[in-house]
Amino acid sequence: MKDIVLKIEDVSKQYRLGEVGTGTLSHDLNRWWHLARGKDDPYTSVGAVNDRSLKANEDYVWALQDINLDVCQGEVIGIVGKNGAGKSTLLKLLSQVTNPTTGYIGIKGRIASLLEVGTGFHPELTGRDNIFLNGSILGMTKGEIRSKLEQIVDFAGVAKYIDTPVKRYSSGMKVRLGFAVAAHLEPEILVVDEVLAVGDAEFQRKAIGKMQDVAKGEGRTVLFVSHNMSSVRNLCNKGVLLENGRISYVGDVDETIDHYLQGGSAQKVHFVEFDDMPLPIQFKKIALAQIVEFSEDVEITMDIKVNESNPDYTLGFIVFDSKANCVAVSTYDEYGLKLIDQNHLGEIQINATFQKKLLKPGTYSIRFTARTINGEAIHTVEDTIFFDVRDTHTYRGLKGMYRPRAIIAPEVQWKKLN
Amino acid sequence: MDIHMATTNNIDKPEKWDIYITPNKSLFALDLGAIWRYRDLLSLLVRRDFVSQFKQTILGPAWFFIQPIFTTIIFTVVFGRLANIPTDGIPQPLFYMAGIIIWNYFSECLMKTSETFRTNQGLFGKVYFPRLIVPLSVVTSNLLKLGVQLLLFIALYIYYIFQGFELPGLLSLIFPLIILFVALLGLSLGLIVSSLTTKYRDLKFLIQFGVQLAMYASPIVYPLSLIEDDKKWMILMNPISSFIEMFRFALFGQGHVTAVALGYSVISTLVLLVLSIVIFNRVEKSFIDTV
């Protein structure tokens, strides 16, 4: 059996709801009064389950509840879950930024979390100075940093700018530098939170490769938090699904992602709804399947609300792959269709279906825009809608034969002609 | 559904782990070892303060001199010439500059330390390192600044010696000790303010004008001997007063220092130091939830 390098036992974390800072004095006094008399803290006994969608009746909420997890050396664990499920809180506890309300966490060796873009960088200092500063914040000594300086600069690909103040860096360069420092810290446990979304495709590949090296080659442990299912699938060998502050699934990474995408309530279609806005045209509801089979069409249903009858209005969507490459763009008017007939106000339902057997299996995000035919955006739904293309039927899919470099996966008919 | 349950009954001993995280509530948990391990960070933060402070300035570190020189000139004109406040027979510029550089050091330590949690929120929210490193780096980099300003002060002193002012006695050698106590006092007050501002932002406003006003409640622009004997205690309530008088007494042989007043200042500084570390330790564990 492998060594357990991280043990989380009965960990819970409670937060106060509402505005922190106002009225806390009375709570503080009340709490102090209770504790001073040797009674229990009056506020740890209450607290609602962490579910964003329910209206909270309590003043306190459990961001994490009864978390138990053992992590062995060399495991690469993907932590997935909806926004607000407690992923970041868990990482905060692990990096000792805040303390759990109950329970304990034991860690063997060093733990390093990847800084967010530019955190800890001083804009006026040069890249070199910032490597030293950032490295020492992460717990390296000057000597250690000096011995790895060349590797770090090389990995970040900023050799030319190493003596330039970081404020002149592009945001991508800052992320690369930040990642390079943390990755060369050689911690026993590396915590990576959603950082890869910023760099370009080349850097993302490099970073994933580095994390794989760290895990496989050097036997270190990586905890990876992402909404990007294809990076989680690529990188991780184990998954943890958090739901409303509790661990609802631990196991094989593919199984975990399946559980996540299907949602706890077996809800397969993803709905996004919008309130009324003072816009001439807006989306009311967008619905699409969370998991699309490669050999099935992608179907999207949009409810729109037209407040101003203008024949120039149209709508469209852009599909991005997990590396933020634009894969496809389509608009209603490109087929010569008019979205709004004369004096047509109110709600309209639109269906968009596009071809099966084209999108390569992976995670895609999709951006919707209601706009004029001249390209002036009126209502944009930024990349909050995701779907996952799977191939569980064809030979290619079952054998995992998709080429990583290919952008699309059209079905090609191979034939011998003689 | 396969819900994973760890071996809950097996409570491991903390010694097994390198890092052991608990809902720790112990009051006095000053981990000096951790601070020592992060000493490189301390020196890099000091360097950062120094290097970044004068980026894109023309005069650069000359600002270290310009500020006390001009303040001394203004004080000499306003308080010395116009208001005719006596200076215990010490040449006026020397008297004021001694007060100014000590007061500046104290107020910078206090003000900058009091912003620790607010200005480092982003960083503190992401990584753990002993938080005390940041206020310590503030005190250290200001100490370097004080050192530079002391050179200016010494130059002025030498000028007055040539003018016939007497040489400082052996007692002047205790001045590093006085500076240490001034630093500790500024650090302690700053730590307390910074810890409390994470929750109660009102203090931010209080401290801004409070420090300005406190200068007039300390014997900076006037000697303590100017105050009537039965009212001296009002000024001496302020723990820094005796340190400033002691500083002048050590260097110029002039100043109103009593053992009781000095003892009070030393003891209150040490009490504040312990108290501030206790409060700071408590806040550093949970501040990210309340900030």
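Our subject is the structure listed above.
As a starting point, this report considers the structure included with it. On a predicted model such as this, the values are computed, not experimentally measured, just so you know.

## Description of the nonpolar core
In terms of nonpolar packing, the biggest core is built from 125 residues, with I131 of chain A together with F129, F153 and F252 of chain B touching the most fellow members. Residue contributions to this core peak at 13 residues, all from helix α4 (residues 92–114) of chain B. V272, F274, A352 and I378 of chain A belong to the second-largest nonpolar core, a separate cluster that totals 35 residues.

## Side note on the interface of chain A and chain B
In this complex, chain A contributes 61 residues to the contact, which on the side of chain B involves 49 residues. Of the roughly 4,700 Å² buried between chain A and chain B, counting both surfaces, carbon and sulfur atoms make up 58%. The largest contributions to the chain A side of the interface with chain B come from V97, Y104 and I137 of chain A, which together make up 13% of the buried area. Where chain A meets chain B, there are one salt bridge. Taking the shortest distance from any N to any O, the salt bridge between R47 of chain B and D129 of chain A comes out at 2.7 Å. Summed over the shared surface of chain A and chain B, the result is four residue pairs in polar contact (both at pLDDT 80 or more). The set of elements that each furnish at least two residues to the side of chain A that touches chain B consists of β1 (4–16), α1 (24–36), β3 (60–72), α2 (87–94), β5 (102–107), β6 (111–113), α3 (127–137) and β10 (246–252) of chain A.

## What about the pattern of salt bridges?
Close approach of charged atoms lets side chains of opposite charge pair. Tallied over the full model, the rule gives 18 salt bridges over all chains. R248 of chain B is the salt-bridge partner of E245 of chain B, the closest N and O atoms lying 3.3 Å from each other. On the criterion of helical spacing, the pair formed by E245 of chain B and R248 of chain B is a turn pair, its members being three residues apart in helix α11 (residues 239–252). On the basis of relative accessible area, R248 of chain B is assigned to the buried category, the value being 2%. One connected set of salt bridges, linked through shared partners, spans K7, E9 and D70 of chain A.

## Some remarks on the sheet that holds strand β4 (residues 76–80) of chain A
Residues and elements named next belong to chain A. Sheet architecture is open: six strands sit in the order β6-β7-β8-β4-β9-β10, paired in mixed fashion. Bordering the open sheet on either side are β6 and β10, each of which pairs with just one other strand. In this sheet, adjacent strand axes meet at a mean angle of 20° when their direction is disregarded. Judged from the six bridges that link them, strand β9 (residues 238–243) and β10 form a sheet pairing that is antiparallel. Considered in β10, the bridge of K238 is made with D252.

## Focus on the packing of aromatic side chains
Each aromatic ring pair is specified by the distance between its two centres and by the angle formed by the two planes. Tallying each qualifying case throughout the model produces 25 aromatic pairs over all chains. Taking the centre distance of 5.0 Å and the plane angle of 35° together, the rings of Y104 of chain A and Y20 of chain B count as tilted. A residue pair is termed interchain when its members come from two chains, as with Y104 of chain A in strand β5 and Y20 of chain B in strand β1 (residues 19–21). Residues F153 of chain B and Y157 of chain B carry aromatic rings whose centres are separated by 6.0 Å and whose planes lie at 70° to one another, so their mutual orientation is edge-to-face. Remark: Y157 of chain B and F153 of chain B occur in helix α7 (residues 133–162); sequence separation between them is four residues, near one turn of the helix. Across the pair, exposure class does not vary: F153 of chain B and Y157 of chain B are buried alike. Between R131 of chain B and the ring centre of F124 of chain B, over which it is positioned, the NZ or CZ distance is 4.4 Å.

## Points about the side chain of T269 of chain B
Residue and element names in this part refer to chain B. With respect to the helices, strands and loops of the structure, T269 is situated in helix α12 (residues 259–290). Residue T269 is classed as buried on the basis of its relative accessible area of 0%. Contacts of T269, omitting those with residues within four sequence positions, involve F181, L184, L185, S188 and F243.

Analysis parameters
Residues numbered from 1 in each chain as written. Chains lettered and ligands numbered in written order. Predicted model: local features only at pLDDT ≥ 70, side-chain atom pairs only at ≥ 80, totals over all residues. Heavy atoms only, no water. Core = buried A, V, L, I, M, F, W, Y, C linked by side-chain atoms within 4.5 Å. Buried < 20%, exposed > 50% of the residue type's maximum accessible area, 1.4 Å probe, protein only. Helix = DSSP H or I, 4+ residues; strand = E, 2+ residues; numbered from the N terminus. Contact = heavy atoms within 4.5 Å. Buried area = accessible area lost by both parts, 1.4 Å probe. Salt bridge = Lys/Arg side-chain N within 4 Å of Asp/Glu carboxyl O. Polar contact = N/O pair within 3.5 Å; in protein donor to acceptor, adjacent residues only side chain to side chain. Pairing = 2+ DSSP bridges. Axes fitted to C-alpha atoms, helices over the stretch in contact; angles between N-to-C directions. Phe/Tyr/Trp six-rings, centres within 6.5 Å; stacked < 30°, edge-to-face > 60°. Lys NZ or Arg CZ within 6 Å of the ring centre and 35° of its normal.

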